[in-house]
Amino acid sequence: MMKLIGLLGCLYVFAHALPPDKNLQGLHIIKTRSIDLNNAHALTLETRLPKAVKPNSYNIELEPYLDDAVFNGRVQINVTWLEDSDEISLHCSHDLEVTEYKVVLRNGENLEVVGVKEMNMDAKKPILTLLLERTVAKSSKGELIFSFKGRMQTASMDGFFKSSYKTEQDEERMVAGTQLRPNNARHLFPCFDEPGYKTPFELSIARPKDMVALSNTPVAKTMEIENEPGAVKDVFEVTPPMSTFAFGFVIAHLTQLGNSTHYKDDNGNNIELRVWGRPEYLTALEGTNEKLARVFKEVASFWQVPLPLKKLDVVALPYYQGAKPADNWGLIVFKESDLSNSRYQIIEQEVTYLWLGALASPAWWSDAYVNKGLVGYIAVDIAQKINDSDIDRQWPITFLYSIYYEFSKRYPHSRITGLKQETTCTKIELLFRVFNYTLGADTFKKGMRMFIREKAFKTFTGDDIWNALNAAAHEDGKIPKGVDIKTIAMSWIEQDRLPLVTVNRNYDKNTAHVSQKVYLRERPHDVPNADKMSWWLPLVVIRGEKLDFGKTAPVAWMKEKETTLEKMPSKEHFIIVNPEEIAPFPVNYDQENWNLLLQYLQSEKRLSIPALTRAKLLHDAWNLAFAGELSFATALNMTLFLNNEKDHLVWEPVFTMIDHIGRHICSCIKEKFRTYVRTFLSPLCEEFHHKNETGKKNLCSLAKNFLCHAGYKPCIEEAREAYTKWMEMPNPDEGNPMPNPYICPVFKWGTNKEWEFGLQRVIHFPSSRKQSERTYLLKTLAGCPIDEYKIHRLLIVTILEGNGNFTETDLFLIFSMLTGDEAGYTALYHFLDNNWDFLKEKFASKTNLWDSLILSATGEFKTQTGLDLVSKLYVSHQGEFASAEHIIEKSMRNIREEVKWSTENIPVIEKWLDHYIATHDVRVEHFIKN
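Residues numbered from 1 in each chain as written. Predicted model: local features only at pLDDT ≥ 70, side-chain atom pairs only at ≥ 80, totals over all residues. Heavy atoms only, no water.

Trainee: Describe the overall build of the chain, listing the residues and the values that go with them.
Mentor: Across its full length, the chain carries 28 helices and 31 strands. For 930 residues, the compact-globule estimate of 2.2 N^0.38 gives 30 Å, and the C-alpha radius of gyration of the chain, at 32 Å, lies within 12% of that figure. Counting only C-alpha atoms and orienting by the principal axes, one finds that the chain spans roughly 95 × 75 × 60 Å. Residue burial in the chain is summarised as follows: out of 930 residues, 57% are buried. Carbon and sulfur atoms provide 48% of the accessible area of the chain, an area that totals close to 38,400 Å². Both charge centroids of the chain, one from 109 positive and one from 121 negative side chains, sit 3 Å from each other. (Helix = DSSP H or I, 4+ residues; strand = E, 2+ residues; numbered from the N terminus. Rg over C-alpha atoms; globule rule 2.2 N^0.38 Å. Buried < 20%, exposed > 50% of the residue type's maximum accessible area, 1.4 Å probe, protein only. Areas by Shrake-Rupley, 256 points an atom, 1.4 Å probe, with all protein chains shown as cover. Lys, Arg positive; Asp, Glu negative; His and termini not counted. Charge placed at Lys NZ, Arg CZ, Asp CG, Glu CD.)

The structure is reproduced here in structure tokens:
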């Protein structure tokens, strides 16, 4: 997901903190002196500027003083009056000091200075208003001229920032640059800082001679600066019309990597592609020129609309710590690590933004979600064409599984706004995938090209994209009359849910009854207005008697709650609805169709069903069983085809499924479930152990981790052997020599002595080491043990004894980790029950810790026995829970639902496990018994 970037920050006025002008004038800068969605959500509420005037162009002069992290500047904004007005408002951050201002009217060659009665800064908003001495008539033209001073950002990478680093020769070097997205241009100069104002920019900027300045356009000329032999001024060519957030520059000790790549095509692109980095880092950037050229060619081919740029500079900026690349138009600034790795996707996204974001820009921040979603989809589509192994087969699974889980909750996003924005954007990205499949790639591209041609140098709304796709779809006959792309899209975007589709076939009539409802996994299924929700669904159907996964046009678009599909296959053949996860919804079938699918998947023909669809069938079955829509016997049967499955993509959802069911089942059948997991995972490592393919190696590693946790003796012995070497080190606190995945199995299956050694390492953890290592160790100490002694010992040391080496943050972590297994939260419950008075007093003034303790100790039980325990605690201490009263009451409600789930499903699961164990070669001698 994207991280927070600072917004609307009005830090402080620092006019008196600047060095005196006489010290600055001669020593300018000589050495001796993507779209964040949280931002976008907040910015939708920002006050828009009055429309009295509009900018036509900017001429900006900047004089940075890098040592002092300050700058002087002058901006001339050519404007046109859109109405009669005696006021002009524009953006100016409170951390800029305007030292001079002037308003000039231009009538041909005649200039007239308009008097300014007063300049006002809004106390709360970054808006500067000039009150004029007279009213200026509509259609008048003129200039707004401001001189200003500012301070560079040194604690963040927003606005105009400065940082420094040391070379291998221990020389300190400085870096300066800008990140003006989404609305940080106001921190650099007074401007009309809204995306709808697209104008040309002309920049001149002073720099030391031994540094390089790069901006949106090539340097037009470089001039000497009088009385400054060590500095020069670069004047850059005028930019094409663009929004303020697309303006930017960097100043650093940079060297170009190799030669430029000149890209020219029949669509009108004629651009020089250059890659830059610090000299000592160029070796790490090898191959980036070729990668950039390949990506640019693919993105340009997708849009087939030329960029009005002469050059594109891609910079690996030393010690750039921005949350995302600074995507200025014609100048993209990356972290060094982002540009030096082998992945294509981050370059693809930023190059795509050159068209969708800069050439055509969102009209307002409310349209940023559609912009980000479309850029994300196009980047992935191009990555798959390039065969980028980082994403080629993992997408869209990585997105789909997470949003299936999120939207199936009773309260999606946990009411966290930032998470909601990200999941909404993900859903939009998947929607573009839906249209690419259902309309066909050619029609999809046609609509996108119609859109970008129409909106070049303009702004757009989401409607503009939907309307262009709609026009292309109807023109090509890809959707029925009366069906509208925007209507389809809005049915998905405006609802924080996903649908569940159920298909019941009538094998005598060769028909299929299809229904839709809200998909819910979390109980109870009592979501308000669920019966009123419906979506426009593309019903793509694959027929078992004639498999053709290339045909992705829907047999119908379904808006109604129910519909019937005619002319389905005969009873001998299965159907698959929504193959390849074309749209984000799970599908349930009648039992006979599930049986037909399983029979086929267990045959040698299974590979004729693509891996993504095989994974979908497995994933859907398990999730439908959790939701109470399908028998767990059927869901578990679907895992039987994995005995012959070699594709890691199909195995990806299995480990999450194992974890989920392991958390829900009672201890009464846990050993049987563990035996099942051991039996079907053991051959996996044997199969893939010697494979060199990354995906299969990762899969083997995952399987090995699960087997370790399940008590696989060879793995446990290997882990304990490595752990013993650590225990025998003369100074074990200096570092941990063993792989992290080995730690948990030792704490789970090893001796109390081994666990105690780990506890002492946390207690004596040196401050000089990375604290993340300590955090990992503490997480495993709390979350891995399954015997009460270890858990009780940890709680005594950290809480009853109050060991000073453990912080309140540590206690939050311990409580959270103990909820991962029945042994953990049961031990925590008894600890709370047995030490109630002490704990109540200890946490009396620490409400958050008290609430966390009550939640962790009572909220995870799944059985009637657990409900009885929590109810007993509630009755015994009724009225004493204080802020956690509602927490334990909610815990009891949730446990009642879990008890219902257990009553319905545990007998079914146990019966299936008994049959599986009886009919399979179970090698108990290879495993430690719990």
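Trainee: Summarise the packing of aromatic side chains; cite the residues concerned and give the values.
Mentor: The final tally for this structure, using the stated rule, is 42 aromatic pairs. Here the aromatic rings of Tyr377 and Phe444 are separated by 5.9 Å at their centres, their planes lie at 90 degrees, and the arrangement is edge-to-face. Within this pair, whereas Tyr377 is found in helix α6 (residues 368–386), its partner Phe444 is found in helix α9 (residues 441–455), the two being separated by 67 residues in sequence. Residues Tyr377 and Phe444 agree in their burial class; the two are buried. Three or more aromatic residues joined by ring pairs make a cluster, and in this case those are Tyr58, Phe71, Phe148, Phe160, Phe189, Phe201, Phe247 and Phe249. A cation over a ring is seen here: Arg181 above Tyr353, with NZ or CZ 5.4 Å from the ring centre. (Phe/Tyr/Trp six-rings, centres within 6.5 Å; stacked < 30°, edge-to-face > 60°. Lys NZ or Arg CZ within 6 Å of the ring centre and 35° of its normal.)

Trainee: Break down the pattern of salt bridges for me, with residues and values.
Mentor: Using the criterion set out here, one finds 47 salt bridges in the structure. One salt bridge in this structure joins Arg678 and Glu671, with 3.3 Å as the shortest N-O distance. The partly exposed category is assigned to Glu671, whose relative accessible area is 22%. Salt bridges here are not isolated pairs; linked through shared partners, they connect Glu46, Arg186 and Asp193. (Salt bridge = Lys/Arg side-chain N within 4 Å of Asp/Glu carboxyl O.)

Trainee: Break down the pairing of strand β1 (residues 53–65) for me, citing the residues and quoting the values.
Mentor: On a regular strand, each side chain points to the face opposite its neighbour's, so the side chains alternate between the two faces of the sheet. Note: β1 against strand β2 (residues 70–81), 12 bridges, orientation antiparallel. Bridge assignment links Ile60 to a residue of β2, and that residue is Val75. Connecting β1 to the next strand, β2, in antiparallel fashion are four residues, including Ala69 with a positive phi near 60 degrees. In this sheet, strand β11 (residues 201–208) lies alongside β1 in parallel orientation, the contact comprising five bridges. Paired with Asn59 across the strands is Glu202, a residue of β11. (Pairing = 2+ DSSP bridges.)

Trainee: Tell me about the packing of helix α27 (residues 864–876) against helix α28 (residues 885–919), and name the residues and values.
Mentor: Orientation of α27 relative to α28, taken along the N-to-C sense of each, is 160 degrees, at an axis distance of 9 Å. When the interaxial angle is binned, α27 and α28 end up roughly antiparallel. α27 and α28 meet at a crossing whose hand is left-handed. Residues Gln864, Leu867, Val870, Ser871, Leu873 and Tyr874 of α27 touch α28, and the partners they reach there are Glu885, Ile888, Glu889, Met892, Ile895, Arg896 and Val899. Looking at side-chain class alone, the contact of α27 with α28 contains eight nonpolar, two polar and three charged residues. (Axes fitted to C-alpha atoms, helices over the stretch in contact; angles between N-to-C directions. Parallel < 35°, antiparallel > 145°, perpendicular 65-115°, else oblique. Left-handed = near helix turned anticlockwise from the far one by under 90°. Contact = heavy atoms within 4.5 Å. Nonpolar A, V, L, I, M, F, W, Y, C, P; charged D, E, K, R; others polar.)

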